[in-house]
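These are the residues of each chain, in order.
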Amino acid sequence: MFPEGLFPSIDGLRLEALRIDTQSITVVLAVATANAACPLCGESAMRVHSRYVRTATDLPWAGIRVHLQIMVRRFFCDNATCSRRIFAERLGDALPAFARRTNRLAKALCAIAFTLEVREAHAWLTLKPCQ
Ligand SMILES: [Zn+2]
């Protein structure tokens, strides 16, 4: 298997391919679970409508940019009382709906930005001559 933390923690995630070039690493993944819960009513759905590739950026590996290509399925919601007929499976907190970067990358970027901001603020407050 793979070392823990190498990929975002998404239930049922399966590695399909790994492409490495001089600029980046592309990880092709698919979700291997049989069903998905409708985000509106919560009912489990098994009928697949279609598939598409969702792309996102993840934490770099050894300083090399990592792109995720995840094969995501659209399902029919068969709950007659639900207003949503078709929905895309959700990938959990690791990659929220419509996000273009993983949650762990977003957290790392926030931490770096906050640290740099604090350092700049400290430098500005301590080095700037009084006026
Ligand atoms: Zn539904």
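Please read all numbers here as calculations on a predicted model, not as lab measurements.

Definitions and cut-offs
Sequence positions are assigned chain by chain, starting from 1 and proceeding in written order. Side-chain atom pairs in this predicted model are given and counted only at pLDDT of 80 or more, local residue features only at pLDDT of at least 70, and totals for whole chains, interfaces and linings cover all residues. Here a strand is any run of E in DSSP of at least two residues, a helix any run of H or I of at least four, and the numbering for each starts at the N terminus. We compute the radius of gyration from the C-alpha atoms alone; for a globule the expected value is 2.2 Å times N to the 0.38, where N is the number of residues. Here the C-beta atoms are placed from the backbone, and a residue counts as buried if at least 20 other C-beta atoms lie within 10 Å of its own, exposed if 12 or fewer do, and partly exposed otherwise. By the convention adopted here, residues are in contact when the distance between their C-beta atoms, placed from the backbone, does not exceed 7 Å. Here, a nonpolar core means buried Ala, Val, Leu, Ile, Met, Phe, Trp, Tyr and Cys residues linked by C-beta atoms lying within 7 Å of one another. Strands are treated as partners if at least two bridges between them are detected by DSSP.

Draft legend 1. Molecular detail of the overall build of the protein chain. Regarding its fold elements, the protein chain presents 1 helix and 7 strands. For 131 residues, the compact-globule formula gives about 14 Å, and the C-alpha radius of gyration of the protein chain, at 20 Å, lies well above that figure. The C-alpha extent of the protein chain, read off along each of the three principal axes, is 70 × 40 × 20 Å. Residue burial in the protein chain is summarised as follows: out of 131 residues, 15% are buried. Counting contacts in the protein chain only where the partners sit at least 6 residues apart, residues at least 24 apart contribute 53% of the total.

Draft legend 2. Just the nonpolar core, in detail. Counting 8 residues, the largest nonpolar core is built from Leu-13, Val-27, Leu-29, Ala-56, Leu-68, Ile-70, Leu-91 and Leu-95. Every residue in contact with Leu-95, bar those within four places of it in the chain, is listed here: Pro-8, Ile-10, Ala-56, Thr-102 and Asn-103. The next biggest cluster of nonpolar side chains, apart from the first, holds 6 residues, and it includes Ala-36, Cys-38, Phe-75 and Phe-87.

Draft legend 3. A look at the pairing of strand S1 (residues 13-20). As defined by bridge partners, S1 adjoins strand S2 (residues 24-31) across 7 bridges and the pair is classed as antiparallel. Opposite Arg-14, over in S2, you have Ala-30 as the bridge partner. As consecutive antiparallel partners, S1 and S2 are separated by 3 residues.

Draft legend 4. Geometry of the environment of Leu-105. With respect to the secondary-structure elements, Leu-105 resides in helix H1 (residues 103-127). Classification of Leu-105 by C-beta neighbours within 10 Å gives buried; the count is 20. In this structure Leu-105 touches Thr-57, Asp-58 and Leu-59, once residues within four positions along its chain are discounted.

Draft legend 5. Broad picture of the pairing of S2. The sheet contact formed by S2 and strand S6 (residues 64-76) spans 7 bridges and is parallel. The partner of Ile-25 across the bridge, within S6, is Val-66.

Draft legend 6. Quick peek at the environment of Lys-107. One can find Lys-107 in helix H1. Under the C-beta neighbour-count criterion, Lys-107 is labelled exposed, with 12 such atoms within 10 Å. In the structure, Lys-107 is positioned 18 residues away from Leu-125 in sequence and 27 Å away in space, judged by C-alpha atoms.

Draft legend 7. Highlighting unusual backbone geometry. Backbone geometry at Ala-62 places phi at a positive 50 degrees, although glycine is not the residue there. Mapped onto the secondary structure, Ala-62 falls in the loop between strand S5 (48-61) and S6. Positive phi, normally seen in glycine, also occurs at Phe-98, with a value near 70 degrees. Relative to the elements of secondary structure, Phe-98 occurs in the loop between strand S7 (86-88) and H1.

Draft legend 8. Molecular detail of the environment of Arg-100. Relative to the assigned elements, Arg-100 resides in the loop between S7 and H1. Along the sequence, Arg-100 and Thr-57 sit 43 residues apart, while their C-alpha atoms lie 6.4 Å from each other. Leaving out residues up to four positions away in the same chain, Arg-100 has contacts with Ala-56 and Thr-57.

Purely geometric numbers; function is a separate question.
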